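# Observations on chain architecture
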Amino acid sequence: MTTRVLMVDDERDARELFRQNFRREIRKGLYEFNFAQSGQEALEILRDGTPPEILALLSDINMPGMSGMELLAEGCKTWPRVGVFMITAYGDAATEGQAKAQGASNFFSKPIDFPRLKEDLARAIWVAA
Amino acid sequence: MTEGEPERKAIEALERRISVLEKDLAISQRNRARLEDFREKNQRMLETVNAELVEALDELKRTQASLIQSEKMASLGQLTAGIAHEIKNPLNFVNNFAKLSEELLAELAEVLQDKIQSLDQEVREDAEDLFRTIRENLAKINEHGRRADSIVKNMLLHSRSGPSARQQVALNPIAKEALNLAYHGARAENSSFNIEIQTYLSDDVGRVECYPQDLMRVFLNLISNGMYAAYKRSLEEDGFVPAIRVSSRRKGDLVEVQVRDNGTGIPDHMRPQIFAPFFTTKPPGEGTGLGLSLSYDIMIKQHGGDLAVESEPGEYTVFTASLPLTLPAETGAK
């Protein structure tokens, strides 16, 4: 089964970073990545609802326009089954607590620990499925 | 009326006049003496007042200088934090992609292994050499990227967003823990490192209201610096025994923690710069130049205390961190 993941980051190179890190999983067809450069764009993709359904949302917090936190609140409300993973360059406890309180499944600070992210992602999807 | 009567009267009058004059003279002399006395007293008073004024002016100048210094530090700190935030994102990409490329290169080498083995010796060696060089270059990018990352992390400590925990804690254990950490840290980095340690932690220091994690950073910084300086001197002088002394004491409403090393000391011309961000005398890669600047911020801004230094080049350096028993209300969160 292919899991569709939506990755949201205003930095374009974040896509390449994720694509390369998940290259094996993508090649095996375990994951499919969609990318959005803003919170607004991410909501459009989620609303669009093209199958297969998106099961996980990975979002940066600090983005121009709609912030990752706003996207998180909106995402959890409208699509409660989607696991939301928040990523930020500022790994402080206050932000982490706020993200979790808003319903984030997990919180990662940059630079991302990819092995941990893969594990947590697999677990979240397993729980959701 | 006898003949001599008028003369006698004249003489008497003169005598009376003389006696009056004598009295006047005596009064005048007394007054002069008093005046002299008064002038002297006045002079002394003026001298005292003058000395006090000179001292007050000096004090004012020192305060002004330290205010200017604090202001400079504050703006430098803000600038530092701003730069750090801006650098962190691109730096993360550099580090992430370097790491990925190492993995990708290893995979490529694996994929091409058989093909490379079947090449002519000269071409094969060329290919293998290229692989090796790229691998080494990527390792260098990784190494220096991590180095830059640790600098950025230190820079960001200048601008923590939330306040760290403010607590009433015993000060001596923090100083002791910092000493342990610094010692074992230095030993872990360099197994030939050793130093004589003395501690004089006074019981009357007791508990203080503070930000313990941040104070720990300050003590750790001061002690690590001291150990570095003393060890450095031991490498330069035969038979020299490096030593560090950590002491604490109560001083009125203040508590003081002193770190004294018998190391290389601080040359006079460097004294004004030591608290400035990025100032370091350590070789590239060993020090970020942020330790003392950060400590200064923590002691002065966060704790309303002080961080003073005294040093004799080639003899010793003493850093004195002092803080009030109770935190001023407005300090803390920045």
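A brief structural summary. Computed from a predicted structure; not experimentally measured.

Once that is clear, we can look at the packing of helix 3 (residues 39-48) of chain A against helix 4 (residues 68-78) of chain A. All names here are of chain A. It is the contact of helix 3 with helix 4, at a shortest axis distance of 9 Å, that shows an interaxial angle of 20°. By the angle between their directions, the pair helix 3 and helix 4 is classed as roughly parallel. By crossing handedness, the relation of helix 3 to helix 4 is classed as right-handed. Residues Gly39, Ala42, Leu43 and Leu46 of helix 3 form the contact with helix 4, whose participating residues are Gly68, Glu70, Leu71, Glu74 and Gly75.

All names here are of chain A. With respect to burial, strand 1 (residues 3-8) is a largely interior element, five of its six residues being buried. One ladder, built from six bridges, connects strand 1 with strand 2 (residues 31-36); its direction is parallel. For Val8, the partnering residue across the bridge sits in strand 2 and is Ala36. Relative to strand 3 (residues 54-60), strand 1 runs parallel, the two being bridged by five bridges. Paired with Met7 across the strands is Leu58, a residue of strand 3.

Hydrogen bonds between backbone groups are what pair the strands of a sheet, and the pairing can be parallel or antiparallel. Residue and element names in this part refer to chain B. Reading across the sheet, the five strands line up as 2-4-5-7-6 and stay open at both edges, with mixed pairing between neighbours. The sheet is open, and its two edges are formed by strand 2 (196-201) and strand 6 (306-312), each paired on a single side. On average, each strand axis in the sheet is inclined to that of its neighbour by 10°, with strand direction left out of account. As judged from the six bridges shared by strand 2 and strand 4 (residues 243-251), these two strands associate in the parallel manner. Residue pairing across strands places Gln198 opposite Arg245, the latter belonging to strand 4. Contacts between helix 4 (residues 212-236) and the sheet are confined to strand 4, strand 5 (254-261) and strand 7 (316-324), with strand 5 contributing the most and set at about 20° to the helix.

This paragraph deals with the sheet that holds strand 5 (residues 106-109) of chain A. Residues and elements named next belong to chain A. If you walk across this open sheet you meet the five strands as 2-1-3-4-5, and the pairing is parallel. In this open sheet, the two edge strands, each paired with only one partner strand, are strand 2 and strand 5. Across the sheet, the mean angle from the axis of one strand to that of its neighbour is 20°, orientation sign disregarded. The sheet contact formed by strand 3 and strand 4 (residues 83-88) spans five bridges and is parallel. Along strand 4, the bridge assignment pairs Asp60 with Ile87. Here helix 3 sits on the sheet in contact with strand 1, strand 2 and strand 3, set at roughly 160° to strand 1.

Attention now moves to the interface of chain A and chain B. Opposite the ten residues of chain A that make contact, chain B presents ten residues. With four residues, helix 1 (residues 13-21) of chain A is the largest single contributor of residues to the side of chain A that touches chain B. Of the residues in the side of chain A that touches chain B, the class split is four nonpolar, two polar and four charged.

Within the largest apolar cluster, 41 residues are counted, with the highest numbers of intra-cluster contacts made by Ala175(B), Ala178(B), Phe219(B), Ile223(B), Met227(B), Met299(B) and Ala321(B). Only helix 3 (171-189), strand 3 (207-210), helix 4, strand 4, strand 5, helix 5 (291-302) and strand 7 of chain B provide two or more residues apiece to this core. For this core, the element with the most residues is helix 4 of chain B, which contributes eleven residues. Those residues in contact with Met227(B) that lie beyond four places of it in its chain are Ala182(B), Ala186(B), Ile195(B), Ile244(B) and Asp261(B). Formed by 31 residues, the second largest nonpolar core is a distinct cluster that contains Leu6(A), Met7(A), Ala104(A) and Phe108(A).

Rules behind the numbers
Residues numbered from 1 in each chain as written. Chains lettered and ligands numbered in written order. Predicted model: local features only at pLDDT ≥ 70, side-chain atom pairs only at ≥ 80, totals over all residues. Axes fitted to C-alpha atoms, helices over the stretch in contact; angles between N-to-C directions. Helix = DSSP H or I, 4+ residues; strand = E, 2+ residues; numbered from the N terminus. Parallel < 35°, antiparallel > 145°, perpendicular 65-115°, else oblique. Left-handed = near helix turned anticlockwise from the far one by under 90°. Contact = placed C-beta atoms within 7 Å. Buried ≥ 20, exposed ≤ 12 C-beta atoms within 10 Å, placed from the backbone. Pairing = 2+ DSSP bridges. Nonpolar A, V, L, I, M, F, W, Y, C, P; charged D, E, K, R; others polar. Core = buried A, V, L, I, M, F, W, Y, C linked by C-beta atoms within 7 Å.

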